[in-house]
There are 2 protein chains.
Amino acid sequence: MVMTCPRRTKIEKIEHLSSRQVTFSKRRKGLFNKAGKFSVRCGAEIAVIVFSNTKKMYQFSSPSMEHILSRRNRVMKERAGGSVMESPEKKSQHEAPSLSSDSLSAIAAVLQEENRALNLDGSRLKGLELDGMSLRELNELEKQIREGIESIEKRKIDVENYYQQPVYMLEDSDRLDGNTSNFFSGTSSSAISDCIESELSKQFVDTCLHL
Amino acid sequence: MVMTCPRRTKIEKIEHLSSRQVTFSKRRKGLFNKAGKFSVRCGAEIAVIVFSNTKKMYQFSSPSMEHILSRRNRVMKERAGGSVMESPEKKSQHEAPSLSSDSLSAIAAVLQEENRALNLDGSRLKGLELDGMSLRELNELEKQIREGIESIEKRKIDVENYYQQPVYMLEDSDRLDGNTSNFFSGTSSSAISDCIESELSKQFVDTCLHL
DNA sequence: GACTATGTATAACC
DNA sequence: GGTTATACATAGTC
């Protein structure tokens, strides 16, 4: 019988390199596992990004990483907008100032990155570019797609009924449809797109950029 | 003496709303705490982003979130660049010429529109924003999605077989397991994006965005 | 990489 | 929000 145990309560960097590396692997696995259970059990969306000492990157996310990061971008943009417009006169919008070349290029760059992410998301929903996805991610993707099919089938029935029914049924049909998009209500483009639309100040652009 | 215990091994969504919310808080705290200790003990950089059912966002990160996300962007960028079949000349690119404000606005506008379209595409593949689609279009969409599922199922089988490979494959398998998307097929969105990519790459993407 | 003694997280109760 | 019985994670050893 061996005296094997984690007796240390001290949270400090592990000195010995090799044992630090093995601990890294174990804890990473544990953390990702915990994150996964958390997301399932609480219906939450979770993303975890880890960089090891050896510069290697690992990531876990419950829906896709791109999805969560873009959702975060949206939130950050809202917050930035809220805090920037904190002045009492926030209703009185300034005349949209033209953006500097720097801001524009920054925006273009971010848009480009968002495009890349959106493209990847879209491709994967079509079953393309699946390289590098874990089994877990694939299952998640498949689940999402199957939910999508259900919505589409429902919608098809609605549309069929629409053709077969007098006009006064239209409203109900639309209501039903409105309920269909329950989870992602705010699917209006992206944070950065909005950014351009409202032509916000350079200050805000900088906020956007600290993704 | 009460029989209080977490006897459930089943990992499924908690039914009751209020208990799900309290569990969310507890688990979130636990996860963040664990992430923090992990980062200290292993000298790793960690970022965690959580969205609750109630749409609230929480985040934890060991250095700053911005630092980690920008580091991730850099990695993704490298991977995308690495897997793209680059023409030999492409390495010796021209000195990025600075673009006029006007051209940048135009580029941004195009990107924005592209973004909008991509967003809509993605949403529809998820069964959202189906308003205004004809029956024929819906059928087309469904067909595409079903093809996607087939690819994914095939891919899942591949990945499963991958896991069953002998030990010498383990290193790669571990990377897959860690959800590390090791190679990103860097298919740029479109001709326009490609064009912009070359124009912007050095000057803006690298400099401004730290991609 | 498996084992296991011990530490830690947490689900149901108050 | 505190407590506690149990499930789970993990550090050290083989």
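None of the values given here were measured: they were computed from a predicted structure. (Residues numbered from 1 in each chain as written. Chains lettered and ligands numbered in written order. Predicted model: local features only at pLDDT ≥ 70, side-chain atom pairs only at ≥ 80, totals over all residues. Heavy atoms only, no water.)

Novice: I'd love a proper account of the sheet that holds strand β2 (residues 57-61) of chain B, names of residues and values included.
Specialist: If you trace the 4 strands from one edge of the open sheet to the other, you get β2(A)-β1(A)-β1(B)-β2(B), paired in antiparallel fashion. At either end of the open sheet lies a strand with only one pairing partner, and these are β2 (57-61) of chain A together with β2 of chain B. Neighbouring strand axes in the sheet, compared pairwise and without regard to direction, differ in orientation by 5 degrees on average. Those strands touched by helix α1 (residues 17-42) of chain A are β1 (45-51) and β2 of chain A together with β1 (45-51) of chain B, and its axis lies near 170 degrees from that of β1(A). Packed onto the sheet, helix α1 (residues 17-42) of chain B meets β1 of chain A together with β1 and β2 of chain B and runs at close to 170 degrees relative to β1(B). (Pairing = 2+ DSSP bridges. Helix = DSSP H or I, 4+ residues; strand = E, 2+ residues; numbered from the N terminus. Axes fitted to C-alpha atoms, helices over the stretch in contact; angles between N-to-C directions. Contact = heavy atoms within 4.5 Å.)

Novice: Tell me about the nonpolar core, residues and numbers included.
Specialist: Note that soluble globular proteins tend to have their nonpolar side chains buried in a common cluster. Within the largest apolar cluster, 22 residues are counted, with the highest numbers of intra-cluster contacts made by I46(A), V48(A), V50(A), I46(B), V48(B) and V50(B). Those elements that provide at least two residues to this core are α1, β1 and β2 of chain A together with α1 and β1 of chain B. Discounting chain neighbours no more than four positions away, the residues touching V50(B) are F38(A), A44(A), E45(A), I46(A), F24(B), F32(B), K56(B), M57(B) and Y58(B). With 19 residues, the next largest nonpolar core counts L141(A), V159(A), L138(B) and I152(B) among its residues. (Core = buried A, V, L, I, M, F, W, Y, C linked by side-chain atoms within 4.5 Å. Buried < 20%, exposed > 50% of the residue type's maximum accessible area, 1.4 Å probe, protein only.)

Novice: A description of the pairing of β2(A) should follow, citing residues and the corresponding values.
Specialist: Consecutive side chains along a regular strand alternate between the two faces of the sheet. All names here are of chain A. A large share of β2 lies buried, amounting to 5 of its 5 residues. Both faces of β2 are covered, namely the face carrying M57, Q59 and S61 and the face carrying Y58 and F60. Sheet topology note: the β1/β2 ladder contains 5 bridges and is antiparallel. Its bridge partner being in β2, V50 is matched across the sheet by Y58. Counted between consecutive antiparallel strands, the loop separating β1 from β2 contains 5 residues, among which K55 sits at a positive phi close to 70 degrees.

Novice: An account of the packing of aromatic side chains is requested, with residue identities and associated values reported.
Specialist: Where two aromatic rings form a pair, the distance of their centres and the angle of their planes describe that pair. Evaluation of the coordinates by the stated rule reveals 6 aromatic pairs over all chains. Residues F24(A) and Y58(A) carry aromatic rings whose centres are separated by 5.7 Å and whose planes lie at 55 degrees to one another, so their mutual orientation is tilted. With F24(A) in helix α1 and Y58(A) in strand β2, this pair connects stretches of sequence that are 34 residues apart. Taken together, F24(A), Y58(A) and F38(B) form an aromatic cluster joined through their ring pairs. (Phe/Tyr/Trp six-rings, centres within 6.5 Å; stacked < 30°, edge-to-face > 60°.)

Novice: Any chance you could break down the environment of M65(B) for me, citing the residues and the numbers?
Specialist: Residue and element names in this part refer to chain B. Inspection of the secondary structure puts M65 in helix α2 (residues 65-83). For M65, a relative accessible area of 6% corresponds to the buried category. The spacing of M65 and E45 is 20 residues in sequence and 9.7 Å in space, taken between C-alpha atoms.

Novice: Explain the pairing of β1(A) to me, using residue names and the numbers behind them.
Specialist: The element β1(A) is largely enclosed, with a buried count of 7 among its 7 residues. Burial along β1(A) is two-sided: the residues E45(A), A47(A), I49(A) and F51(A) and I46(A), V48(A) and V50(A) are all buried. Bridge count between β1(A) and β1(B): 7 bridges; the pairing is antiparallel. Along β1(B), the bridge assignment pairs V50(A) with I46(B).

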